[in-house]
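For reference, the chains in residue letters:
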2 protein chains.
Amino acid sequence: MKAGKGKVGNSSDVEEKEMEGGARIRWLITHRDGAPNFSMRLISIPEGKNTPFHSHNYEHEIFIIEGKVNATIDDRVEEAVEGDFVFIPPNAYHGMVAEKDTRIICIVPVDVARQMLGN
Amino acid sequence: MKAGKGKVGNSSDVEEKEMEGGARIRWLITHRDGAPNFSMRLISIPEGKNTPFHSHNYEHEIFIIEGKVNATIDDRVEEAVEGDFVFIPPNAYHGMVAEKDTRIICIVPVDVARQMLGN
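This report concerns the structure included in the present document. (Residues numbered from 1 in each chain as written. Chains lettered and ligands numbered in written order. Predicted model: local features only at pLDDT ≥ 70, side-chain atom pairs only at ≥ 80, totals over all residues.)

1. Details of the overall build of chain A
Counting secondary structure elements, chain A contains one helix and eight strands. When the helices and strands of chain A are read in sequence order from the N terminus, they spell out β-β-β-β-β-β-β-β-α. The globule rule puts the C-alpha radius of gyration for 119 residues at 14 Å, and the 14 Å found for chain A is close to it. Dimensions of chain A, computed from C-alpha atoms along their principal axes, come out at roughly 40 × 30 × 25 Å. (Helix = DSSP H or I, 4+ residues; strand = E, 2+ residues; numbered from the N terminus. Rg over C-alpha atoms; globule rule 2.2 N^0.38 Å.)

2. Thoughts on the relation of the copies chain B and chain A
Rotating chain B by 180° about the axis while translating it 0.0 Å along that axis superimposes it on chain A, leaving an RMSD of 0.0 Å. Such values leave the two copies arranged in the relation of a two-fold axis. Interface residue correspondence from chain B to chain A reaches 100%, placing this contact among same-surface, isologous pairings. (Least-squares fit on C-alpha atoms with pLDDT ≥ 70 in both. Contact = placed C-beta atoms within 7 Å.)

3. Quick look at the pairing of strand S7 (residues 84-88) of chain A
Residues and elements named next belong to chain A. Of all the five residues making up S7, five are buried; the element is thus mostly covered by neighbouring parts of the structure. Judged by which residues are buried, S7 turns out to be covered on both faces: Asp84, Val86 and Ile88 on one side and Phe85 and Phe87 on the other are all buried. By the bridge criterion, four bridges tie strand S5 (residues 60-73) to S7 in an arrangement that is antiparallel. Looking at S7, one finds that histidine 60 is bridged to isoleucine 88. (Buried ≥ 20, exposed ≤ 12 C-beta atoms within 10 Å, placed from the backbone. Pairing = 2+ DSSP bridges.)

4. Focus on the environment of Arg76(B)
Residues and elements named next belong to chain B. Position of arginine 76 relative to the elements: it lies in strand S6 (residues 76-81). Assessed through the 10 C-beta atoms surrounding it within 10 Å, arginine 76 is described here as exposed. Residues arginine 76 and histidine 54 lie 22 residues apart in sequence; the distance between their C-alpha atoms is 14 Å.

What follows is the structure, encoded as structure tokens:
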């Protein structure tokens, strides 16, 4: 796909989808915009809800915009708050439970967007 | 490189480096953490300062955490504020001037981290 002309958008204009665990996801930048390598998602986790607990063969790079979570990475749980970043390596079992309403940026390889959203 | 055990860190603990134009960059997650595909940076742009104006053969995916910028993408300038995202495609001429003190997340391929930071 051609990389296109680039884009400025507001996240609240992007469709929000429910995730397993009660978190909600907006796919901000994907292959549909011509992104060649990675995809940016904004995930909201209401207090008491969580992102899916699972593992997969690709990494996450996460930034906590606001809120507070308990992040499971394999056999440990670490607290992460506003201004923190989280690296989930490939194949690590992981998930996040929100202690407060939380918003995070979470990056995945663009092939994951293609698989999950279709072309 | 082995992907390692994963990591939670606070951005204020990461060394801040000056960029051309007066912006300041923190490389939050890189190949040094075992990231296989992409690298997460936090960039602060004080009011009136800017990120470098240039082009390169890789993309940026940007999220505006706070502030307001005028973003040049090739031959146009668009305003971007808190909650907005920006996709800079490969080879587009680009740069951002801050209208207010601004913080952004900016993702690049991990090879860029390796080239700019060394192994």
